[in-house]
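Reading the structure
Read off the chains here:
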Amino acid sequence: MPDRTDAVRFAVLPLAGKTAGPNEFAGTMAPHPLVYQELAHDPEYTVYNRRLTAMRMSNGSAEDAYWTLRRRAILRHTGELPIEIRGPDAERLLNRVFTRDVSKTRVGRCSYQIACYADGGMILDGVLVRLAEDRFWYGQADGDLSDWLRAHARALEVEVFDPEVWVSQVQGPDSLRILEAAVDGDVPDPFRYFDAARAAIAGQRVVVTRTGFTNELGWEVYFEPDTDARAVGERLLEAGRPYGMTPVAVGGARRIEAGLLNAGSDFDRTVTPFAAGLGGMVDLDKPEFIGKAALQDRDRRRRTWGLRVAGGVARIGCGLSRDGKPAGRVCSSAWSPFQRCGVAIVRLDDPEAGPGTVVDVVCHDAQVRPAETCGLPMYDRRRRIPKGELVDIPEKPAPGEGG
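Below: a short report on this structure. This structure is a prediction, so every number in the text was calculated from the model and none was measured. (Residues numbered from 1 in each chain as written. Predicted model: local features only at pLDDT ≥ 70, side-chain atom pairs only at ≥ 80, totals over all residues. Heavy atoms only, no water.)

Let us look at the overall build of the chain. Looking only at helices and strands, the chain has nine helices and 18 strands in total. Computed over the C-alpha atoms, the radius of gyration of the chain is 21 Å, within 12% of the 22 Å expected from 2.2 N^0.38 for a compact globule of 403 residues. Over its C-alpha atoms, taken along the principal directions, the chain stretches across nearly 60 × 55 × 50 Å. Across the 403 residues in the chain, those meeting the buried criterion constitute 54%. Counted over contacts in the chain with a minimum sequence separation of 6, partners at least 24 positions apart contribute 66%. Of the roughly 17500 Å² that the chain leaves accessible, carbon and sulfur atoms contribute 48%. Between the averaged position of the 53 positive side-chain charges in the chain and that of its 57 negative side-chain charges there is a distance of 3 Å. (Helix = DSSP H or I, 4+ residues; strand = E, 2+ residues; numbered from the N terminus. Rg over C-alpha atoms; globule rule 2.2 N^0.38 Å. Buried < 20%, exposed > 50% of the residue type's maximum accessible area, 1.4 Å probe, protein only. Contact = heavy atoms within 4.5 Å. Areas by Shrake-Rupley, 256 points an atom, 1.4 Å probe, with all protein chains shown as cover. Lys, Arg positive; Asp, Glu negative; His and termini not counted. Charge placed at Lys NZ, Arg CZ, Asp CG, Glu CD.)

Laid out in structure tokens, this is it:
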């Protein structure tokens, strides 16, 4: 099998359309240490966090991956970029930057955290993992928060750096069974939703978290630089084989249905957490944080909702209209194999227009279709599936059924 240097050459050069050697791209298009598991499936990559993330692979369509996720389990090697924040003042720095009280995140737990500019616009979101009282990883969305953290660390005893950690995720109803088969010994106990724990897989010490970007039952494994990633990766495939688990490319339908926002598309610096529907992630009672003063005075009405389109998939962009007038923007869209319709995340111009609003939308085929806004998540509103409180394995429609 190719080593990691070969993986860079094979994966990057077809995308770049150049004949330069792998070192030219080593700092900007880094491959996951388990990229060799994807190369067998003719992957097409995009760059996410300066890392390669597979968008398509030949071992199945987006619909195949969707049903495998919802009915069994998938393995995905992500482009998440964990940033390490370490030192006596680590918590103080993070509380200065994030909108929620970091002190409430205990060691061995994770929390969803948002960083804002001084005017209340969102920079990034991500999952914060507390490894020790003075040590955190922040698995950020596409972007770079490290310079922002360093800029606001003045007079603080804290380090902010890239620990060269990589993340893979196992998601789906069979995911915890696969974890039981993969770990050496017992599964961490307790291992609740948003827990983080040290575990051994194939003799390698790794961090495992009950998190993911699917709203399905699942977990993620963090590979540190001294981890034998190949040994862990082979054990994961072996443990998942009885459940039909193989590496898959990224898919948007399930996370859209779940209302999980994608930085850069579903929100940007012009969008406040309130407008994004994330007002519950802003603690205005905590001490001063960047953006607090502005957010106290900003409109707190939500403008971000789901959208269902019968018979088509909405085109991303300002293609929403209502009574012949512009009505908002389609931020993300996909076809839902389960709901048998197009699904999207949209941002409406009118903050009074909530779920049940009928709009017209331009679709991928250039047709204008009627659509209706809805709440997010589109189902499992209490997020009982990822918490393990609800086993939901939907029936797969027969070929040709529905749209």
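Anyway, onward from the coordinates.
Scanning all chains against the criterion turns up six aromatic pairs. Aromatic pair Tyr-193 and Phe-194: ring centres 4.9 Å apart, planes at 70°, arrangement edge-to-face. On the basis of relative accessibility, which here comes to 26%, the residue Tyr-193 falls in the partly exposed class. The exposure class assigned to Phe-194 is buried, which follows from its relative accessible area of 17%. Across from the ring centre of Tyr-117, 4.2 Å away, lies the NZ or CZ of Arg-269, which sits over that ring. (Phe/Tyr/Trp six-rings, centres within 6.5 Å; stacked < 30°, edge-to-face > 60°. Lys NZ or Arg CZ within 6 Å of the ring centre and 35° of its normal.)

Bringing the sheet that holds strand β18 (residues 368-374) into the picture now. The strands making up a sheet are joined through hydrogen bonds of the backbone, oriented either antiparallel or parallel. Strand order in the closed barrel formed by six strands is β13-β16-β15-β14-β17-β18, and the pairing between neighbours is antiparallel. When strand polarity is set aside, the average angle formed by the axes of neighbouring strands in this sheet is 45°. In this sheet, strand β17 (residues 358-362) lies alongside strand β14 (residues 317-322) in antiparallel orientation, the contact comprising two bridges. Considered in β17, the bridge of Leu-320 is made with Val-361. (Pairing = 2+ DSSP bridges. Axes fitted to C-alpha atoms, helices over the stretch in contact; angles between N-to-C directions.)

Turning next to the environment of Glu-395. As for its position among the elements, Glu-395 is in the segment after β18. Since its relative accessible area comes to 65%, Glu-395 is described here as exposed.

Now for unusual backbone geometry. Residue Pro-190 is reached from Asp-189 by a cis peptide bond, and omega for that bond is 0°. Tracing the sequence through the fold places Pro-190 in the loop between α6 (175-182) and β10 (196-201). Look at Ala-155: it is not a glycine, yet its phi comes out positive at around 65°. Mapped onto the elements, Ala-155 comes out in the loop between α5 (146-151) and β8 (159-161). Backbone geometry places Phe-194, a non-glycine residue, at a positive phi of 70°. Inspection of the secondary structure assignment puts Phe-194 in the loop between α6 and β10.

Quick look at the pairing of strand β5 (residues 110-116) now. Where burial is concerned, most of β5 is hidden: six out of the seven residues are buried. Taken together, the seven bridges between β5 and strand β6 (residues 122-132) define a ladder with antiparallel strand orientation. Bridged to Cys-116 within β6 is Met-122.

This part covers the sheet that holds strand β12 (residues 218-223). Spatially, the five strands line up as an open sheet ordered β3-β9-β12-β11-β10, and their pairing is antiparallel. Each of the sheet's edge strands pairs with one partner strand only, and the pair in question is β3 (74-77) and β10. Between one strand and the next, the sheet's axes are offset by a mean angle of 30°, whatever the strand orientation. Relative to β12, strand β9 (residues 166-171) runs antiparallel, the two sharing six bridges. Bridge pairing links Gln-169 to Glu-220 in β12.

Angle between the axes and distance between the axes: these two values describe a pair of packed helices. Following both chains from N to C, one finds α6 and helix α7 (residues 229-240) inclined at 125°, their axes separated by 8 Å at the closest point. By the angle between their axes, α6 is oblique relative to α7. You can see that α6 and α7 cross each other, and the crossing is right-handed. Of α7, the residues touching α6 (which contributes Ile-178, Ala-181 and Ala-182) are Arg-235, Leu-236, Ala-239 and Gly-240. (Parallel < 35°, antiparallel > 145°, perpendicular 65-115°, else oblique. Left-handed = near helix turned anticlockwise from the far one by under 90°.)

Here we come to the pattern of salt bridges. In a structure, side chains of opposite charge can pair up when their charged atoms sit close to one another. Under the defined criterion, the tally for this structure stands at 23 salt bridges. A salt bridge links Asp-184 to Arg-235; the shortest N-O distance between them is 2.9 Å. Of this pair, Asp-184 sits in the loop between α6 and β10 while Arg-235 is found in helix α7, placing the two residues 51 residues apart along the sequence. On the basis of relative accessible area, Arg-235 is assigned to the partly exposed category, the value being 23%. Connected through salt bridges with shared partners, the residues Glu-84, Arg-86, Arg-135, Glu-159, Arg-198 and Glu-224 form a single ionic network. (Salt bridge = Lys/Arg side-chain N within 4 Å of Asp/Glu carboxyl O.)

Looking now at the side chain of Glu-84. Relative to the elements of secondary structure, Glu-84 occurs in strand β4 (residues 81-86). Within the local environment of Glu-84, its side chain forms a polar contact with the side chain of Trp-137, the two groups lying 2.8 Å apart. Setting aside its immediate chain neighbours within four residues, Glu-84 contacts Arg-135, Phe-136, Trp-137, Glu-159, Val-160, Phe-161 and Pro-163. (Polar contact = N/O pair within 3.5 Å; in protein donor to acceptor, adjacent residues only side chain to side chain.)

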